[in-house]
Amino acid sequence: MGYVKERFKEIADKHAKDIKSLIEQHGNKKLDEVTIAQAYQGMRGIPGLITETSLLDSNEGIRFRGFSIPELREKLPKIQDGNEPLPEGLFYLMLIGDVPNHEDVDHISATWARRSHVPNHVFDVIEALPVSAHPMTQFCTAILALQTESKFVKAYSDGISKKEYWDYVYEDTMTLIARLPRVAAYIYRRKYKAGEHIQPDGMLDWAANFAHMLGYEDESFKELMRLYLTIHADHEGGNVSAHATHLVGSALSDPYLSFVAGMTGLAGPLHGLANQEVVRWIDEMYKELNTEDPSKEQIAEYIKKTLLQGKVVPGYGHAVLRKTDPRFTAQMEFAKRHCPDDNMIKTVWHVYEVAPAILEGTGKIKNPWPNVDAHSGALLKHYGLVEEDFYTVLFGVSRALGVLASLCWDRALGFPIERPKSMTTDWIKKFIAKGEPVA
Ligand code: CMX
């Protein structure tokens, strides 16, 4: 057993004991009341999930184990002379709860490099799909093909005890994360680079090796990948990709099956696909206005037109956040340092100057500020990764870190199958008439 795994087990056992006594002493304490509106409107704000890896504050944004994104950028280990955190370090932080040192990060990097070999049948399965299939369809299919390697499935059918579930979920987690960059890069090179694949470089860190396999050797693109794969990793437990992974995992579906549920959710345009939609929206604006340097007035008119057409302005709004997403700010800072003169990036910044007031003016959009997806595509385009259909796959590779670290915790803490109560509208009407729950 590697020392990170041993450390996780030790911490998780202690935490499980704490939770047991917490439930014994305070289990009946109410967290909140649930309204009829909440039941109808996406369960917004209902506290009903435990996710240890990160916590979202609607004004401050995400904190990973208590650390904000600016703090992570300062405290997590970096490569020598690098500025951006290594995602391996964030994974360690989410799993263990403490900021790792270089040795911890190297340990995780080496583990993932060792396990990164993707079995041939996975490539065959990808090849069976038409090349025109959306990259997220190819990605999800490949994850299902990887599932044949699940150690959890084998151990479960061999009859392991409940106490051992975490062990095999941990093993599958590490193997799956190790293999995702190779699979994602394969899909990218297959679809956009005539199937000319690039072999992994085992000497590079996880993010840099991913950039290398995609075909990008620029050092600042590697830095962008380290930042990108860190900031997209987790956003507490209620978002669609995290919640779906957790929910499916609660049925003891293995990490591959659980993660693919999260990824099919991430592929929705209101969630992870928004990064692709933002770039398309800007391209369409350029086309319609016949300029790649629209004025703020022109952008404002275009936003109003989008709203009038009954469409969403992609990259803006959030179910929980009520201020500018710090993940947007982190990317903006990166762009200011590396590529402040890029045209599309300047457009993104101009949209930021005019969109919030217009969105707020509708009187119904609860958060008029940009989310993570408003910036990422323009940065990727700057480095030549112009194929926007692929952007959600990058998000998915990153999201694996958070949702799979959480899945390890779910099994280590012995969380049961998830089964909230649903009602019919008839039940709601009877409840309103009677003023109390009805049978
Ligand atoms: N443009 C236009 N209308 C918007 C909007 C936007 N960016 N954001 C919200 N609205 C609308 C909603 O569609 C809703 O309209 P109806 O009442 O007519 O149905 C109304 O404003 C109220 O919505 P809300 O409570 O403010 O937002 P929700 O919690 O329901 O939805 C989200 C949140 C993210 C789905 C929504 O803001 C949206 O569609 N944004 C654009 C897509 C996007 O950027 N998604 C990425 C989110 C981050 C991520 O998960 O990756």
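Attention in this report is confined to the structure presented alongside it. (Residues numbered from 1 in each chain as written. Predicted model: local features only at pLDDT ≥ 70, side-chain atom pairs only at ≥ 80, totals over all residues. Heavy atoms only, no water.)

**Re the overall build of the protein chain**
For the protein chain, the helix and strand inventory stands at 20 helices and three strands. What you see for the protein chain is a C-alpha radius of gyration of 22 Å, in line with the 22 Å of a compact globule of 439 residues. Across the 439 residues that make up the protein chain, the buried fraction comes to 51%. Distance between charge centroids for the protein chain: 6 Å, based on 50 positive and 59 negative side chains. (Helix = DSSP H or I, 4+ residues; strand = E, 2+ residues; numbered from the N terminus. Rg over C-alpha atoms; globule rule 2.2 N^0.38 Å. Buried < 20%, exposed > 50% of the residue type's maximum accessible area, 1.4 Å probe, protein only. Lys, Arg positive; Asp, Glu negative; His and termini not counted. Charge placed at Lys NZ, Arg CZ, Asp CG, Glu CD.)

**Here we look at the nonpolar core**
Within the largest apolar cluster, 120 residues are counted, with the highest numbers of intra-cluster contacts made by Phe-8, Phe-139 and Leu-385. For this core, the element with the highest residue contribution is helix α9 (residues 165-192), accounting for 15 residues. Beyond its immediate sequence surroundings of up to four residues, Phe-8 is in contact with Leu-95, Ile-96, Trp-166, Tyr-170, Cys-408, Trp-409 and Ala-412. (Core = buried A, V, L, I, M, F, W, Y, C linked by side-chain atoms within 4.5 Å. Contact = heavy atoms within 4.5 Å.)

**Some words on the site of the ligand**
The immediate surroundings of the ligand are formed by 20 residues, with His-271, Tyr-316, Lys-364, Lys-366 and Asp-373 found nearest. In the model, an oxygen atom of the ligand is placed 2.6 Å from a nitrogen or oxygen of the Asp-373 side chain. Protein chains shield 75% of the accessible area of the ligand, which is 890 Å² for the free molecule. Classifying every residue of the shell around the ligand by side-chain character gives ten nonpolar, five polar and five charged. (Near = heavy atom within 4 Å. Polar contact = N/O pair within 3.5 Å; in protein donor to acceptor, adjacent residues only side chain to side chain. Areas by Shrake-Rupley, 256 points an atom, 1.4 Å probe, with all protein chains shown as cover. Nonpolar A, V, L, I, M, F, W, Y, C, P; charged D, E, K, R; others polar.)

**Re the packing of α9 against helix α10 (residues 206-214)**
Axis separation between α9 and α10 bottoms out at 8 Å; the angle between their running directions is 20°. Of the possible angle classes, the one that applies to α9 and α10 is roughly parallel. Once α9 is placed against α10, the crossing between them reads as right-handed. Where α9 abuts α10, its residues Ile-177, Ala-178, Pro-181, Arg-182, Ala-184, Ala-185, Tyr-188 and Arg-189 lie against Trp-206, Phe-210, Met-213 and Leu-214. (Axes fitted to C-alpha atoms, helices over the stretch in contact; angles between N-to-C directions. Parallel < 35°, antiparallel > 145°, perpendicular 65-115°, else oblique. Left-handed = near helix turned anticlockwise from the far one by under 90°.)

**Focus on the pairing of strand β2 (residues 61-64)**
Here four bridges tie strand β1 (residues 54-57) to β2, and the two strands are oriented antiparallel to one another. From the neighbouring strand, Ser-54 faces β2, where its bridge partner is Phe-64. Taking the residues between adjacent antiparallel strands as the criterion, β1 and β2 are bridged by three residues. Examined bridge by bridge, β2 and strand β3 (residues 67-68) share two bridges and lie antiparallel to one another. Within the sheet, the bridge partner assigned to Arg-63 lies in β3 and is Ser-68. (Pairing = 2+ DSSP bridges.)

**Notes on helix α12 (residues 240-250)**
Of all the positions in α12, only Ser-241, Ala-242, Ala-244, Thr-245, His-246, Gly-249 and Ser-250 are classed as buried. Buried-residue contacts for α12 involve α13 (255-266) and α19 (391-412). Looking at the residues trailing α12, positive phi occurs at Leu-252, about 65°.

**As for the packing of aromatic side chains**
Per the counting criterion, the structure on display carries 17 aromatic pairs. Between Tyr-188 and Tyr-192 the ring centres are 5.3 Å apart and the planes differ by 55°, which places this aromatic pair in the tilted class. Placement of both Tyr-188 and Tyr-192 in helix α9 is noted, with a separation of four residues, approximately one turn of the helix. Put simply, the rings of Tyr-188, Tyr-192, Tyr-216, Phe-221, Tyr-383 and Phe-390 touch in pairs and so form one group of aromatic residues. (Phe/Tyr/Trp six-rings, centres within 6.5 Å; stacked < 30°, edge-to-face > 60°.)

**Examining a nonpolar patch on the surface**
Among the surface-exposed residues, Ile-36, Tyr-40 and Ile-432 lie close enough to one another that they form a single nonpolar patch of about 300 Å² accessible area. With respect to the helices and strands, Ile-36 occurs in helix α2 (residues 36-40). (Patch = residues over 30% accessible without salt bridge, like charges linked within 9 Å, V, L, I, M, F, W, Y side chains within 5 Å. Salt bridge = Lys/Arg side-chain N within 4 Å of Asp/Glu carboxyl O.)

**Side note on the sheet that holds β2**
Strand order in this open sheet of three strands is β1-β2-β3, and the pairing throughout is antiparallel. Each edge of the sheet is formed by a strand with only one pairing partner; in this case those strands are β1 and β3.

**So, the pattern of salt bridges**
Counted under the stated rule, the structure contains 27 salt bridges. Linking Lys-381 and Asp-283 is a salt bridge whose minimum nitrogen-to-oxygen distance equals 3.4 Å. Here Lys-381, found in helix α18 (residues 373-382), pairs with Asp-283, found in helix α14 (residues 274-289); they are 98 residues apart in sequence, far enough to count as distant. Classification of Asp-283 by relative accessible area gives partly exposed; the value is 26%. Ionic pairing is found between Lys-304 and Glu-301, a salt bridge with its closest N-O pair at 3.7 Å. Here Lys-304 pairs with Glu-301, and both are found in helix α15 (residues 296-308), just three residues apart, close to one helical turn. Among the residues examined, Lys-304 registers a relative accessible area of 39% and is labelled partly exposed. Of the residues examined, Glu-301 reaches a relative accessible area of 49% and is grouped as partly exposed. One network of salt bridges, in which partners are shared, links Glu-277, Arg-280, Asp-283, Lys-381, Glu-388 and Asp-389.

Read these as layout, nothing more, since geometry by itself doesn't imply function.
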